[in-house]
Amino acid sequence: MDHKRKPTAHEIEIIEARSVLQADYDQAKEDGDEDVMAGIREVVADLDAELREAGVKGPFPPLDPKPRAARKRSTRRRQEAPNLPKAKASNSTIGREYAGKYRPSLFLTLTLPSYGRVHPDGAPVNPDTYDYRRAARDIVHFAALFDRFVQNYRRVSGRKVQYFATVEPQRRGAPHIHMGVRGTDPRAMIRQLTEATYHQVWWPHFDHEVYSPGHMPHWDYTTSRFVDPDTHEPVPTFDEVMNLMDEVDDLEPAHVVRFGQQVDVKGILGGTEEAGRHIGYLTKYLTKSIGDVIEPQSNRAARHYDRLHEELCKTPCSETCAVWFRYGVVPVGANAKTQPGRCRGKAHRRDTLGLRGRRVLVSRKWTGKNLTDHKADRVEFVRQRLAEAGIAPQDISRFRIAPAEPGDPDVPPREYLIMSMVSEKIRQRSEYDIARMVPPDQDHDSRETVAPQQDSADKDAA
Ligand SMILES: [Zn+2]
């Protein structure tokens, strides 16, 4: 910014509006609300253009901070490919055909390993020996394990395996995944695949807590980094620890997650009663929040979930997680505003026991629709829900729309236009929220509510 002159009141207003929008943008990003994000991006681009026009020199902080330069990864930390046969790749998305016309599908259930014997309500038989640490770490890295499974599946089958999957918690609090796969493969192959699939977590090791809440590193303004509360020595950053790890020869990953022994594989034919029941499994949990799904069945189960939650609070959820401070590591991106030890990530929440937003995972070619189709579906879906709730779009057929000429006295000030755009968005959003509270028609196709998530969910799954 140009420091030679004082910004005008008008410029300060724009800059303030921009910072409010940044906060909204971050929230929308956390919620995965692409529409709101796109809207804010447009408004901010306009604001920046106006600031520049007014002579304020950029660069202005980007809404999405630039990704860090990728650390050159040591070959030691590469994910090893599991020992699996590799089929010749084909573009087919479907599986084998039987008797010239039957093309069955598979229904798989993948679970995590045992952490100790449990009662039917999910509470451990022996809470003292139950492996809570492993259970919590597996929860945090479950999504990455599933991504790895799909990659391996595609490699082993040689086809672009298409699936529809839902993640849900078991009574013991571990996630498992129901997966409908188009086409069939030999059961033995699926078992071999499940056994061979694993995900290595190449992070600094986090087995020993160095700092505890109330006695955390603090920000040192002279050196601009976090220091030990007693010695005032700098606390190493995530990247510094990783670089150090590259020097070690026989380095072990911080954690390895794999599936449990229990794999359920069923072949099903479309249109049969059995197929309907399995689709029921897949959709059963979509209408519930995860919090409802893991309602404890007993006092001991509630104590079990509390204990698991306690462990999740001590488990770093990402490279940027502020929980890293506990283990004497400054997380990626930490600055003076970071509160050591405290992370708002979904992985640490009690109500979902660490399960994050990705409940429904659908491969890109499952429906044959592309992103534009899904977007159009979504617009139509929103319109229908609003209509059901009796909210009609404003009739603009009587209006004549023409671009405003420069200096037109009827054009309101720019910041007014921006703020009214923002409030219009908020109004539309709340109308839609109200519409969603109105129960939909009985015969309304509930699967439609799933469609909007498909491609966005697949982006990180693919
Ligand atoms: Zn976290």
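The structure we're discussing is the one just above.
Scope of this entry: the structure provided in the associated data block.

So, how was this worked out
- Residues numbered from 1 in each chain as written.
- Predicted model: local features only at pLDDT ≥ 70, side-chain atom pairs only at ≥ 80, totals over all residues.
- Axes fitted to C-alpha atoms, helices over the stretch in contact; angles between N-to-C directions.
- Helix = DSSP H or I, 4+ residues; strand = E, 2+ residues; numbered from the N terminus.
- Parallel < 35°, antiparallel > 145°, perpendicular 65-115°, else oblique.
- Left-handed = near helix turned anticlockwise from the far one by under 90°.
- Contact = placed C-beta atoms within 7 Å.
- Nonpolar A, V, L, I, M, F, W, Y, C, P; charged D, E, K, R; others polar.
- Core = buried A, V, L, I, M, F, W, Y, C linked by C-beta atoms within 7 Å.
- Buried ≥ 20, exposed ≤ 12 C-beta atoms within 10 Å, placed from the backbone.
- Pairing = 2+ DSSP bridges.

Thoughts on the packing of helix α1 (residues 9-31) against helix α2 (residues 34-53)
Thought 1: Two numbers describe how α1 lies on α2: the axes approach to 10 Å, and their chain directions differ by 160°. Judged by the inter-axis angle, α1 sits roughly antiparallel to α2. In the crossing of α1 with α2, the sense of the turn from one axis to the other is left-handed. Residues E11, I14, A17, R18, L21, D24, Y25, A28 and K29 of α1 touch α2, and the partners they reach there are V36, M37, I40, V43, V44, L47, E50 and L51.
Thought 2: Grouping the amino acids of the contact of α1 with α2 by side-chain chemistry returns 12 nonpolar, no polar and five charged.

Regarding the nonpolar core
Thought 1: Core analysis: the biggest nonpolar cluster contains 61 residues, and L108, W324 and V330 have the highest contact counts within it.
Thought 2: Sorting the residues of this core by element identifies β1 (105-110), α3 (132-140), α4 (142-157), β2 (163-169), β3 (175-181), α5 (187-196), α6 (238-245) and α9 (299-312) as the ones contributing at least two each.
Thought 3: In terms of residue count, α4 provides more of this core than any other element does, eight residues in total.
Thought 4: When neighbours within four sequence positions are excluded, L108 is seen to be in contact with M179, V181, I190, V263, D264 and V265.
Thought 5: With six residues, the next largest nonpolar core counts Y25, I40, V43 and I418 among its residues.

A word on the pairing of strand β7 (residues 255-258)
Thought 1: A one-sided burial pattern is seen for β7, the buried positions being H255 and V257 and the unburied ones V256 and R258.
Thought 2: Bridge count for strand β4 (residues 198-201) against β7 is four bridges, and the pairing is antiparallel. Bridge pairing links Y198 to R258 in β7.

Thoughts on unusual backbone geometry
Thought 1: The phi dihedral of S224 falls on the positive side, at around 55°, and the residue is not glycine.
Thought 2: If you trace the backbone, S224 turns up in the loop between β5 (218-220) and β6 (225-227).
Thought 3: For S224, a count of 9 C-beta atoms within 10 Å gives the class exposed.
Thought 4: Of note, the phi angle at H232 is positive, near 60°, even though the residue is not glycine.
Thought 5: Secondary-structure assignment places H232 in the loop between β6 and α6.
Thought 6: Accessibility expressed as a C-beta count within 10 Å gives 11 for H232, which makes it exposed.

A few points about the environment of Q151
Thought 1: Secondary-structure assignment places Q151 in helix α4.
Thought 2: Taking the number of C-beta atoms within 10 Å as the measure of exposure, Q151 has 17 and is therefore partly exposed.
Thought 3: Considered as a pair, Q151 and V161 are 10 residues apart in the sequence and their alpha carbons are 9.1 Å apart.

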